[in-house]
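# Structural description and commentary
These are the residues of each chain, in order.
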Amino acid sequence: MSIDPNDDYFMGRALDLARGVWGDTHPNPMVGAVIVEDGVIVAEGATAPDGGPHAERVALQALGRAPRPGATMYVTLEPCCTEGRTGACTDLIIKAGLKRVVVGATDPFPAHAGHGFEVLRAAGIAVTTGVLEKACTDLNLIFNHWATHQEPLLAAKAGTTLDGKIACRTGESRWITNEASRADVHRWRRLFPGIAVGAMTVLKDNPRLTARCPDRPEWSPRRFVFDGLLRSVVDKNLPGVFTDEFRERTIVVTTPHGGLGYVRKLRDAGITVWTFDSPTQRVPFADFRKRCGQERISGVLFEGGAQLLSELIRARQLDYLFVYHAPVLFADDKAKSIFSGLRPEKPDQGVRLIDVRHERFDGDLLTRGHVKYPDKLMIDETVFGVR
């Protein structure tokens, strides 16, 4: 931890640079770097898209000369110390002649964590760690999970009333949350390589499932439709995610219970189909996670519906949760709840969030965090039955 108050300021600028490449660097992390001489930023850099230079190299290239004596580099993530495709950043820093490096977060790869610091210190460079560490770590939720677990991060998002309802008893849900919250959802969509919804969400809402952010072109992640019986293919007119300009980014996730005729219909329309063996119409989430890992899809954001999200919880497969709470009460036990299917008998048997963060959006409150399951998950076997 630094005792220099200027370190927070310069690390804050490095964080801004990293956020500027939001969603553009997968499977690499978003990293920002600045070089400071005599209290002034003289060069900046952020991670280039996959295969391009890392933030440290970009900053040194922008400087275009050797750093002056006493110069400091601020970087949001521990510099890499292995060759990879672009060379080790620790070697680059040593060669440049820098004598002080300030770092936010530690490399999450267990085999690398802290080794970059050791390499720099062995070369006589002063290393300060942990500056704005929580913010720097939080920036790369998806990368951190991939690095530590070698599997994709499965997250879920919901917009609810204060009493946890996502729709009125009529099914009407537009709009519970406000425009600012919905804009933030698009920002997170831009980060996640994949977005997932259930068949009924596709049939009812016909969502576009793209990221539409100000000052950036509309962008489509991989769009997963969980449809164990291929109900979304029954009608003659296919939903928009199967026919729009991003249809090649759509993947239907199903089981053998959906029928080969519907699978052929989808493939004829240019849609990819992933079929997983299952004794019921439910897609096994563990198999889906494994397939995403094989395809190097490092994160998937599940956006509904309630049954799909509840099944994720029941299967202990949900890693991270975003809930946007609107200052609204329905106070109706027949309104639709976000989650169901558990039956905890004591508070400590509930599913909790850890590493929790809160953000406000014009009155709405976002609560997000990693999902922590109790030792024994109490499940109500009567809720879903066999679909």
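Above: the structure in question.
A few points on the structure.

Calculation rules
- Residues numbered from 1 in each chain as written.
- Predicted model: local features only at pLDDT ≥ 70, side-chain atom pairs only at ≥ 80, totals over all residues.
- Heavy atoms only, no water.
- Helix = DSSP H or I, 4+ residues; strand = E, 2+ residues; numbered from the N terminus.
- Rg over C-alpha atoms; globule rule 2.2 N^0.38 Å.
- Buried < 20%, exposed > 50% of the residue type's maximum accessible area, 1.4 Å probe, protein only.
- Contact = heavy atoms within 4.5 Å.
- Areas by Shrake-Rupley, 256 points an atom, 1.4 Å probe, with all protein chains shown as cover.
- Pairing = 2+ DSSP bridges.
- Axes fitted to C-alpha atoms, helices over the stretch in contact; angles between N-to-C directions.
- Core = buried A, V, L, I, M, F, W, Y, C linked by side-chain atoms within 4.5 Å.
- Right-handed = clockwise from strand over helix to strand, strands pointing away.
- Disulfide = S-S within 2.5 Å.
- Arc of directions from axis to C-beta.
- Polar contact = N/O pair within 3.5 Å; in protein donor to acceptor, adjacent residues only side chain to side chain.
- Parallel < 35°, antiparallel > 145°, perpendicular 65-115°, else oblique.
- Left-handed = near helix turned anticlockwise from the far one by under 90°.
- Nonpolar A, V, L, I, M, F, W, Y, C, P; charged D, E, K, R; others polar.
- Salt bridge = Lys/Arg side-chain N within 4 Å of Asp/Glu carboxyl O.

## So, the overall build of the chain
A count of helical and extended segments in the chain gives 11 helices and 16 strands. In summary, the chain has a C-alpha radius of gyration of 23 Å against a globular reference of 21 Å for 387 residues, a match within 12%. Overall, the chain is about 70 × 45 × 40 Å in size when its C-alpha atoms are taken along their principal axes. Residue burial in the chain is summarised as follows: out of 387 residues, 52% are buried. Pairs at least 24 apart in sequence give 72% of the contacts found in the chain among residues at least 6 apart. Put simply, the chain shows about 18300 Å² of open surface, and 51% of that area lies on carbon and sulfur atoms.

## Thoughts on the environment of Thr-250
If you trace the backbone, Thr-250 turns up in strand S10 (residues 250-254). Residue Thr-250 is classed as buried on the basis of its relative accessible area of 0%. Counting along the chain gives 89 residues from Thr-250 to Thr-161, while the straight-line C-alpha distance between them is 30 Å.

## Some remarks on the sheet that holds strand S1 (residues 32-37)
Pairing in this open sheet of five strands is mixed, and the strands run S2-S1-S3-S4-S5 from one edge to the other. Since the sheet does not close on itself, it has two edges, and those belong to strand S2 (40-46) and strand S5 (126-128), each with one partner. In this sheet, adjacent strand axes meet at a mean angle of 20° when their direction is disregarded. As defined by bridge partners, strand S4 (residues 100-105) adjoins S5 across three bridges and the pair is classed as parallel.

## Observations concerning the nonpolar core
Core analysis: the largest hydrophobic core is formed by 55 residues, its most contacted members being Trp-188, Phe-192 and Phe-322. Considering each element in turn, this core owes the most residues, six residues, to helix H1 (residues 5-19). Ignoring sequence-local partners within four residues, the contact set of Trp-188 consists of Trp-22, Leu-141, Phe-322, Tyr-324, Leu-366 and Arg-368. Among the nonpolar cores identified, the runner-up in size contains 30 residues, and Ala-196, Cys-292, Val-371 and Tyr-373 belong to it.

## A short note on the pairing of S10
Counted residue by residue, S10 has five buried out of five residues, so it is predominantly covered. Relative to strand S11 (residues 272-275), S10 runs parallel, the two sharing four bridges. Directly across from Thr-254, in S11, lies its bridge partner Thr-275. At this point the chain moves from S10, through helix H9 (residues 260-268), to the parallel S11, and the crossover so formed is right-handed.

## Comments concerning the sheet that holds strand S12 (residues 299-302)
Backbone hydrogen bonds are what pair the strands of a sheet, in a parallel or an antiparallel way. Read from one edge to the other, the open sheet built from nine strands follows the order S11-S10-S9-S8-S12-S6-S13-S16-S15, with strand pairing classed as mixed. The open sheet has two edge strands, S11 and strand S15 (352-361), and neither has a second partner. For this sheet, the mean angle separating the axes of adjacent strands, direction not counted, is 20°. This element, helix H6 (residues 141-149), spans strand S6 (153-160), S12, strand S13 (320-325) and strand S16 (364-372) of the sheet and lies at about 145° to S6.

## A few points about the state of the cysteines
Enumeration according to the criterion identifies zero disulfides in this entry. No disulfide involves Cys-136; its nearest neighbouring cysteine sulfur is the one of Cys-89, lying 16 Å away.

## Topic: helix H3 (residues 89-96)
Residues Cys-89, Thr-90, Ile-93 and Ala-96 constitute the buried set of H3. Along the long axis of H3, the arc covered by the buried residues comes to 130°, so they all point the same way. Of the surrounding secondary structure, the elements contacted by the buried residues of H3 are helix H2 (55-63), strand S3 (72-77), S4 and helix H4 (115-122).

## A few points about the side chain of Arg-190
The residue Arg-190 is located in helix H7 (residues 179-191) in this model. Of note is the side chain of Arg-190, whose polar atom sits 3.2 Å from the backbone oxygen of Gly-23. Excluding residues that lie within four positions of it along the chain, Arg-190 makes contacts with Trp-22, Gly-23, Asp-24, Ala-211, Cys-213, Arg-216 and Trp-219.

## As for the packing of H2 against H3
Two packed helices can be described by the angle between their axes and the distance between those axes. Remark: H2 packs on H3, axes separated minimally by 9 Å, with the N-to-C direction vectors making an angle of 30°. For the element pair H2 / H3, the angle class is roughly parallel. As H2 runs across H3, the sense of the crossing is left-handed. Contact residues: H2 offers Glu-56, Arg-57 and Leu-60, while H3 offers Cys-89, Leu-92, Ile-93 and Ala-96. Broken down by class, the residue content of the contact of H2 with H3 amounts to five nonpolar, no polar and two charged.

## Some details on the pattern of salt bridges
Across all of its chains, the model carries 22 salt bridges by this definition. As a salt-bridge pair, Glu-245 and Arg-208 come within 2.4 Å of each other at their nearest N and O atoms. With a gap of 37 residues between them, Glu-245 in the loop between strand S9 (222-226) and S10 and Arg-208 in the loop between helix H8 (199-205) and S9 connect regions that are remote in the sequence. Between Arg-282 and Glu-311 there is a salt bridge, and its shortest N-O distance comes to 3.7 Å. Taken as a pair, Arg-282 in the loop between S11 and helix H10 (285-294) and Glu-311 in helix H11 (residues 306-314) lie far apart in primary sequence, 29 residues in all. Exposure remark for Glu-311: the relative accessible area of 7% places this residue in the buried category.

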